[in-house]
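# Structural features, examined
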Amino acid sequence: MVHFLHPSRVPRSLVPPDARKDAQGWRVVQEEASPYPLVDICLNVLIANLEKLCPERPDGTLCLPEHWNFPQEVADHFLGMMTWQGRLTDKTASIFQGNQMNLKLVSIQKAKISASAFIKYFCHQKLIEVDATAVHSDLPVPDIIRGLCSSNWIQQNLRCLLLDSASVPHNSRPLSFGQLTGLRTLSVFNVWFHSEDLANVSQLPSLENLDISNTQVTNISALLTCKDRLKSLTMHYLKCLTMTKPQVFAVIRELKCLLHLDISGHKQFRSDLAFDLLQQKDILPNIVSLDISGSSYITDRAVEQFIQQRPAMQFVGLLGTDAGYSDFFTAKQGLKVAGGASLSQILEALSRYRNRSCYMRKALHRLFTETFSVHVTMPAVLQLVAIGMRNHPLDLTVQFTASACALNLMHQGLAWGMPVRLLSEVICLLFKALKNFPSYKQLQKNCLLSLTNARILTDVPFDRLSAARFVLGWLYKDENPKIQTMAVSIFSILALQLTREQVTQLDEDLFMAVKELLAIVKQKTTENIDDPTLLFSLKALWNLTDESPATCKHFMENQGLAICIQVLESNVAEVRELSAKLMTEDVVKHISTLLHSEQIEVSYFAAGIIAHLTYDKQSWLLCDLQRSALLQDLHASIQKWPSSRCKMSALVTYRSFKTFFPLLGNFSQPAAQLWALWAVYHVCSKNPSVYCKMLAEEGGLQLLCDIQVDGQANPQAQQIAVSILEDFRMHFTSYRRFPLC
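Residues numbered from 1 in each chain as written. Predicted model: local features only at pLDDT ≥ 70, side-chain atom pairs only at ≥ 80, totals over all residues. Heavy atoms only, no water.

What follows covers the overall build of the protein chain. On a plain count of helices and strands, the protein chain comes out with 37 helices and 12 strands. Here the protein chain holds 741 residues, and 54% of them are scored as buried. Considering only residue pairs separated by 6 or more positions, the protein chain has 68% of its internal contacts joining residues 24 or more positions apart. Accessible surface, the protein chain as shown: approximately 33,100 Å² in total, 53% of it carbon and sulfur. (Helix = DSSP H or I, 4+ residues; strand = E, 2+ residues; numbered from the N terminus. Buried < 20%, exposed > 50% of the residue type's maximum accessible area, 1.4 Å probe, protein only. Contact = heavy atoms within 4.5 Å. Areas by Shrake-Rupley, 256 points an atom, 1.4 Å probe, with all protein chains shown as cover.)

Overall, the coordinates contain 16 salt bridges when judged by the stated rule. With its nearest N and O atoms 3.2 Å apart, the salt bridge here joins Lys245 to Asp272. Taken together, the positions of Lys245 in helix H10 (residues 245-254) and Asp272 in the loop between strand E8 (260-262) and helix H11 (273-279) put the pair 27 residues apart, joining distant regions of the chain. Under the relative-accessibility criterion, Asp272 is labelled partly exposed at 28%. For the salt bridge of Arg253 with Asp282, the shortest nitrogen-to-oxygen distance reads 3.4 Å. (Salt bridge = Lys/Arg side-chain N within 4 Å of Asp/Glu carboxyl O.)

Moving on: the sheet that holds strand E4 (residues 160-162). Reading across the sheet, the 10 strands line up as E2-E3-E4-E5-E6-E7-E8-E9-E10-E11 and stay open at both edges, with parallel pairing between neighbours. Bordering the open sheet on either side are strand E2 (105-107) and strand E11 (336-338), each of which pairs with just one other strand. Direction aside, the axes of adjacent strands within the sheet are offset by 5° on average. Pairing geometry for strand E3 (residues 129-131) and E4, over 3 bridges, is parallel. Its bridge partner being in E4, Asp131 is matched across the sheet by Leu162. (Pairing = 2+ DSSP bridges. Axes fitted to C-alpha atoms, helices over the stretch in contact; angles between N-to-C directions.)

One finds Phe78, Phe122, Leu148, Phe177, Ile220 and Leu261 to be the most contacted residues of the largest nonpolar core, which totals 99 residues. Not counting residues within four places of it along the chain, the set of residues in contact with Leu148 comprises Phe118, Cys123, Leu127, Val130, Ile154, Gln155, Leu158, Leu161 and Leu180. Ranked by size, the runner-up nonpolar core spans 85 residues in total, among them Leu350, Tyr359, Ala363 and Met418. (Core = buried A, V, L, I, M, F, W, Y, C linked by side-chain atoms within 4.5 Å.)

All right, on to the confidence of the model for the protein chain then. Confidence along the protein chain averages 86 in pLDDT terms, with 88% of residues attaining 70 or more. Scored below 50 in pLDDT, residues 1-14 makes 46 contacts in the model with residues more than four places away or belonging to other chains. A low-confidence stretch, residues 566-572 (pLDDT under 50), is modelled with 25 contacts involving residues beyond four sequence positions or located in other chains. (pLDDT = per-residue confidence, 0-100.)

Right, let's get into the environment of Cys705. Relative to the assigned elements, Cys705 resides in helix H36 (residues 700-709). What makes Cys705 buried here is its relative accessible area of 4%. In this structure, the C-alpha to C-alpha distance between Cys705 and Leu725, residues 20 residues apart in sequence, is 8.2 Å.

In this section: the packing of helix H34 (residues 670-686) against helix H35 (residues 688-697). At their nearest, the axes of H34 and H35 sit 6 Å apart, and the two run at 135° to each other. Taken together, H34 and H35 sit at an angle that is classed as oblique. Touching Val680, Val683, Cys684, Ser685 and Lys686 of H34 are Pro688, Tyr691, Cys692 and Leu695, all from H35. Among the residues making up the contact of H34 with H35, the classes are represented as 7 nonpolar, 1 polar and 1 charged. (Parallel < 35°, antiparallel > 145°, perpendicular 65-115°, else oblique. Nonpolar A, V, L, I, M, F, W, Y, C, P; charged D, E, K, R; others polar.)

Quick look at the packing of aromatic side chains now. For the coordinates displayed, the defined rule picks out 19 aromatic pairs. When the centroid spacing of 5.4 Å and the interplanar angle of 5° are considered together, the rings of Phe660 and Trp675 count as stacked. Within this pair, whereas Phe660 is found in the loop between strand E12 (651-652) and helix H33 (661-664), its partner Trp675 is found in helix H34, the two being separated by 15 residues in sequence. This pair shows no difference in class: Phe660 is buried, exactly as Trp675 is. The structure contains a cluster of three or more aromatic residues connected by ring pairs, namely Tyr604, Trp641, Phe657, Phe660, Trp675, Trp678 and Tyr691. (Phe/Tyr/Trp six-rings, centres within 6.5 Å; stacked < 30°, edge-to-face > 60°.)

Within the secondary structure, Asp633 sits in helix H32 (residues 624-640). Here Asp633 occupies a buried position and makes no salt bridge, while the nearest side chain of opposite charge, Lys640, is found at 6.8 Å. With near-sequence residues (within four places) excluded, Asp633 lies in contact with Ser592, Leu595 and His596. (Lys, Arg positive; Asp, Glu negative; His and termini not counted.)

Turning our attention to unusual backbone geometry. Its identity is not glycine, yet Lys110 carries a phi of approximately 60°, on the positive side. Following the sequence through the fold, Lys110 ends up in the loop between E2 and helix H6 (115-122). The exposure class of Lys110 is exposed, given its relative accessible area of 56%.

Packed helix pairs are characterised by how far apart their axes lie and by the angle those axes make with each other. Following both chains from N to C, one finds helix H20 (residues 441-450) and helix H22 (residues 464-477) inclined at 115°, their axes separated by 11 Å at the closest point. Pair H20 / H22 crosses with left-handed handedness. Contacts between H20 and H22 involve Lys441, Gln444, Lys445, Cys447 and Leu448 on the former and, on the latter, Phe470, Val471 and Trp474. Of the residues assigned to the contact of H20 with H22, the class counts are 5 nonpolar, 1 polar and 2 charged. (Left-handed = near helix turned anticlockwise from the far one by under 90°.)

Shown next, in the form of structure tokens:
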């Protein structure tokens, strides 16, 4: 098959960012380019084969084999990986029953497990941290608290409890955290949490960090109970607050130990509380971090004065405000700003607000503008975009804007500097977004544009069968010439990368693809238009028909031969049961003419068709003289060709050498054998790591050895066979699986 890659002048080797100029980018490249830790590889295998490796109890749950014991760090990591991969269920969570797993950190984010399973399998452990963010409603907050409080050890030693977006039944009594006396950090963001619950929590003797964002709290006076120990208070989008601003400031003023305060707003709740806070001079003397993003009436001058009066400040959140544009924010050493005034502020916002969709939208919108004409590889930035996509899969604005930012950061040359693993994650996230929003056309266009990238198409792992179906959808539905060219060019390369089984799985799409591609070829040929769309369509047909009898059948049924008679990108000759349909006087005459073309590519493909057509003598019983003349013509033409190592404008590629083997083993047709050898040597010399190995694994080395030693073989054929074997020895000196002659 013929395979034209998109042109690119950028080298294929990854050039990491300068560690001095972009430390984060350099770190990301190092991490992404490094192999996965061995423990991760082992645990992934265990997770994938959990049902096979773990015996089943009579009740249907799983248990670890008796002799297995996991150290605490490995057990914690194992549970986190199971949760991340969506494999934590009542059945699989049962492996944590007993003492073979020693857990301290329990991560069950978004997991679907019942209350009984949580209590039975986790609450006997000596836990110090529990992350139940967005856990399924089968495990509501009251049951989580009840389970944790069932252990005296956990009551005294649990330090961190994250319950963000967990469910609370409306008919449940006030939440009771009072027994968790060791708790230092509690987050109830987006939880049905009221002022009476806050009063209960404020009495916890060790509480230092509290997040009550987007709750039903109306009064924060209860915080005075913990004023001497509270260090961090997050009240983002506290929409139900009924206190006056002086009342709020009176409480905050008493929080002498407070180092971090977040009173950021929301697009549905833009408060001027922060504006008035900035005017207060006798408040928050020790503050280190203040987040007032999304607040109204914020100015550079007000923020500057507030920070100057508190020199210990290290962070201020200003995204969605009119502040952050003064030189003060770049000049002050040690101050980080999450805002939209500069790229560094935007990146800080993406990092800080990765779990807040309202701010993620704003930050991504600003990032798109900042990176529209970027010419520097930014892997750390792309990683933040990927995190935003991963954390907000059902937010259309986030997904669409992130896809546009990804395009800016991955366009042609920049992609060569990105780690393959990171690019793979982004492409997979794009396809996930397509499934969640199948009707949003612009999001689909962004995904299509990302696939035009040569690096992504050639080097990056992703689901190419799904990609092929997606691209074909655009090929059928969109009549825009530019979109059509894009879709055809992408599909022409994807068709090459699909296995024979995957091509078959295209089913009805395969029939439609052949029909549509032939329609494009027919239109362009009729109009005498020689443009990239025609070239890519022919290439796609070539790649689709390679070693695929079903595709060849579709090709013939849709008058493909008549349409493509003036071009040679057709693998039909290799399918024996269809080759007879090529053996018409007009076709053979036309191919014979093209054999003498001055363009080596045209002559090469014509020679290949003749070599395959003349292989079966039975088909030529009534015209043996014509067959002999063709073979003589073929031999004479090959003698005029340059060396097999020559460069052709078409990058010839093959999925397999098996269709060559009958020609290589047929000593009665030296011309066809010579063509097959020339072709094999050509691709082996261009890409030895792929084709020399393919030749060995498919059994082709023995055929070359036979040609080398056979006394009846053509001397020129023997010389090429020797050259191929020498190349194999040079590139695979340690490849001992296949003995050489």
